[in-house]
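Below, each chain spelled out in residue letters.
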Amino acid sequence: MIERIVIIDNVDPLAFYGVNNANMQLIKNLYPKLRISARGSVLRVIGEERETAEFENKIHELTTYVERYNSLSEDVIVDVIKGSGPRLQKNDGVIIYGLNGKPIQPRNQHQHDLVEAFVNNDLTFALGPAGTGKTYIAIALAVRALKNREARKIILSRPAVEAGEKLGFLPGDMKDKIDPYLQPLYDALEDMIPAAKLKEYMDTKVIQIAPLAFMRGRTLYDAVIVLDEAQNTTTHQIKMFLTRLGMNAKMIITGDVTQIDLPRATQSGLVQALRILNGVPGIGKVEFVKKDIVRHSLVQRIVEAYEKYDEDEKERRAAENADAPDGGEGAEVPEGSETA
């Protein structure tokens, strides 16, 4: 009789063991001659050498399946242990499998284009209205790179700019103050990575979420870096961020130039960067449109209504200026100014 220790690494123990340890109980039933105990990510098994070696191999097959699909059913367990192997699901363009095996995949052509642009470029701009899934797909691509060991880190960032309201002096430490700005990034990650594993990644800084200001002075290697809400960067901020790119790293920058929350006199860094970097090799750009919105159908109608309002306002102001004497409003010379 020998004892083996098997580590179930890179998977969520809850997904592996099942609700009320149902999966673990089934595994024990399929190996009645072995004494098996489990605590956290450690399995201990005692029995004959041949059977314990087989047990270890089968557990590695099961953890590989869970790592890929984030779920484990009784049918899969039986298939693996009985020797027929798991019935693998068709990929059909799936980026990754989220919690409970939920497939995360492109839902429109521009999301497909973003996946392709990410593969083919080290820097990709994803532009367009709210609700088109730009950030969600970007984070899914980052998680896939981490799972496939194509990157060692994920770094997610946003500029800390209020959308109209003033949050003032928030209570708590620095993390408590900045987390409200970054919550959408946490929300996406929580859809894709089991809670225990996500906490481990955050604690070990495999996944880092930080305001844009915290990027200064860093060089980011072996990472996928996502800058969200980039329309709210200043020209200096986005230049600083773009020059953080290190070896074996990829960047995705998302933004909606119709929702700039910067002070009126401040130019958006995203708008300037798109103009300056136009045509530079190695940079991809995907532009989403209203029909790509994948939130509630009302969101698309809201975006369309606001666009129509903006167009009507431009026409109204143009008409007022055309009717005004001497070139319209603002044509008068301020007091104390010299005239030609």
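Residues numbered from 1 in each chain as written. Predicted model: local features only at pLDDT ≥ 70, side-chain atom pairs only at ≥ 80, totals over all residues. Heavy atoms only, no water.

1. A look at the pairing of strand 7 (residues 153-158)
- The buried fraction of strand 7 amounts to six of the six residues, a majority that puts the element mostly inside the structure.
- Residues of strand 7 alternate between two faces, with Lys153, Ile155 and Ser157 on one and Ile154, Leu156 and Arg158 on the opposite face, all of them buried.
- Looking at chain direction, strand 7 and strand 9 (residues 223-227) are connected through five bridges and run parallel. Within strand 9, the residue paired with Lys153 across the bridge is Ala223.
- With five bridges joining them, strand 7 and strand 8 (residues 207-211) adopt parallel strand pairing. Of the residues in strand 8, the one forming a bridge with Ile154 is Ile207. (Buried < 20%, exposed > 50% of the residue type's maximum accessible area, 1.4 Å probe, protein only. Helix = DSSP H or I, 4+ residues; strand = E, 2+ residues; numbered from the N terminus. Pairing = 2+ DSSP bridges.)

2. Looking at the packing of helix 5 (residues 109-120) against helix 6 (residues 134-147)
- As a packed pair, helix 5 and helix 6 sit with axes 10 Å apart at the nearest point and diverge in direction by 40°. With respect to helix 6, the axis of helix 5 lies oblique. The crossing of helix 5 and helix 6 is right-handed. For the pair formed by helix 5 and helix 6, the contact residues are Gln111, Leu114, Val115, Phe118 and Val119 on the first element and Lys134, Ile137, Ala138, Leu141 and Arg144 on the second.
- Considered class by class, the residues forming the contact of helix 5 with helix 6 number seven nonpolar, one polar and two charged. (Axes fitted to C-alpha atoms, helices over the stretch in contact; angles between N-to-C directions. Parallel < 35°, antiparallel > 145°, perpendicular 65-115°, else oblique. Left-handed = near helix turned anticlockwise from the far one by under 90°. Contact = heavy atoms within 4.5 Å. Nonpolar A, V, L, I, M, F, W, Y, C, P; charged D, E, K, R; others polar.)

3. Focus: the environment of Gly98
- Of note, Gly98 is situated in the loop between strand 4 (96-97) and strand 5 (103-104).
- Under the relative-accessibility criterion, Gly98 is labelled buried at 0%.
- Sequence separation of Gly98 and Asn70 is 28 residues, and the distance between their C-alpha atoms is 6.2 Å.
- Ignoring sequence-local partners within four residues, the contact set of Gly98 consists of Tyr69, Asn70, Ile104, Asp191 and Met192.

4. Examining the nonpolar core
- In this structure, Leu189, Met192 and Ile207 are the most contacted members of the largest nonpolar core, which totals 38 residues.
- Residue assignment for this core shows that the elements contributing at least two residues are helix 5, helix 6, strand 7, helix 7 (174-192), helix 8 (195-203), strand 8 and strand 9.
- With nine residues, the top contributor of residues to this core is helix 6.
- In this view, Leu189 contacts Ile139, Val143, Leu156, Leu198, Ile207 and Ile209; residues no more than four positions away in its chain are not counted.
- By size, the runner-up hydrophobic cluster in this structure holds 27 residues, among which are Ile36, Val45, Ile77 and Ile81. (Core = buried A, V, L, I, M, F, W, Y, C linked by side-chain atoms within 4.5 Å.)

5. Examining a nonpolar patch on the surface
- A cluster of nonpolar side chains, Val257, Ile260 and Val271, forms an exposed patch at the surface whose accessible area comes to about 190 Å².
- Its location among the elements puts Val271 in helix 10 (residues 269-276). (Patch = residues over 30% accessible without salt bridge, like charges linked within 9 Å, V, L, I, M, F, W, Y side chains within 5 Å. Areas by Shrake-Rupley, 256 points an atom, 1.4 Å probe, with all protein chains shown as cover. Salt bridge = Lys/Arg side-chain N within 4 Å of Asp/Glu carboxyl O.)

6. Considerations on the packing of aromatic side chains
- One pass over the full model with this rule turns up four aromatic pairs.
- Here Tyr31 and Phe55 contribute two aromatic rings whose centre-to-centre distance is 5.4 Å and whose plane-to-plane angle is 85°, an arrangement assigned as edge-to-face. Within this pair, whereas Tyr31 is found in the loop between helix 2 (22-30) and strand 2 (35-39), its partner Phe55 is found in helix 3 (residues 49-69), the two being separated by 24 residues in sequence.
- Given the relative accessible area of 3%, Tyr31 is considered buried.
- Phe55 sits in the buried class, given a relative accessible area of 0%.
- Ring geometry for Tyr65 versus Tyr69: centroids 4.6 Å apart, planes at 50°, classification tilted. Residue Tyr65 and its partner Tyr69 are located together in helix 3, separated by four residues, close to a single helical turn.
- Taking the relative accessible area as the measure of exposure, Tyr69 reaches 0% and is therefore buried. (Phe/Tyr/Trp six-rings, centres within 6.5 Å; stacked < 30°, edge-to-face > 60°.)

7. What about the confidence of the model for the protein?
- This prediction gives the protein a mean pLDDT of 85; 87% of its residues lie at or above 70.
- When the criterion is pLDDT under 50, residues 163-167 qualifies, and its contacts beyond four places in sequence or with other chains add up to three contacts.
- Scored below 50 in pLDDT, residues 329-340 makes five contacts in the model with residues more than four places away or belonging to other chains. (pLDDT = per-residue confidence, 0-100.)

8. Comments concerning the pairing of strand 11 (residues 283-287)
- The alternating pattern of strand 11 places Gly284 and Val286 on a buried face, while none of Ile283, Lys285 and Glu287, on the opposite face, is buried.
- Bridge analysis of strand 6 (residues 123-127) against strand 11 gives five bridges, and the strand direction is parallel. Of the residues in strand 11, the one forming a bridge with Phe125 is Lys285.

9. Comments concerning the packing of helix 2 against helix 4 (residues 74-82)
- Axis separation between helix 2 and helix 4 bottoms out at 10 Å; the angle between their running directions is 30°. In terms of their interaxial angle, helix 2 and helix 4 are classed as roughly parallel. By crossing handedness, the relation of helix 2 to helix 4 is classed as right-handed. Residues Asn23, Leu26, Ile27 and Leu30 of helix 2 form the contact with helix 4, whose own contacting residues are Glu74, Ile77, Val78, Ile81 and Lys82.
- The residue inventory of the contact of helix 2 with helix 4, partitioned by class, reads six nonpolar, one polar and two charged.

10. Some thoughts on the sheet that holds strand 3 (residues 42-47)
- Strand order across the open sheet formed by three strands is 1-3-2, with antiparallel pairing between neighbours. Among the strands making up the open sheet, the edge pair consists of strand 1 (2-7) and strand 2. Neighbour to neighbour, the strand axes of the sheet diverge by 15° on average, direction disregarded.
- Both strand 2 and strand 3 contribute to a ladder of five bridges, which runs antiparallel. Considered in strand 3, the bridge of Ser37 is made with Arg44.
- Along the sheet, helix 3 makes contact with strand 1, strand 2 and strand 3, crossing strand 1 at roughly 5°.

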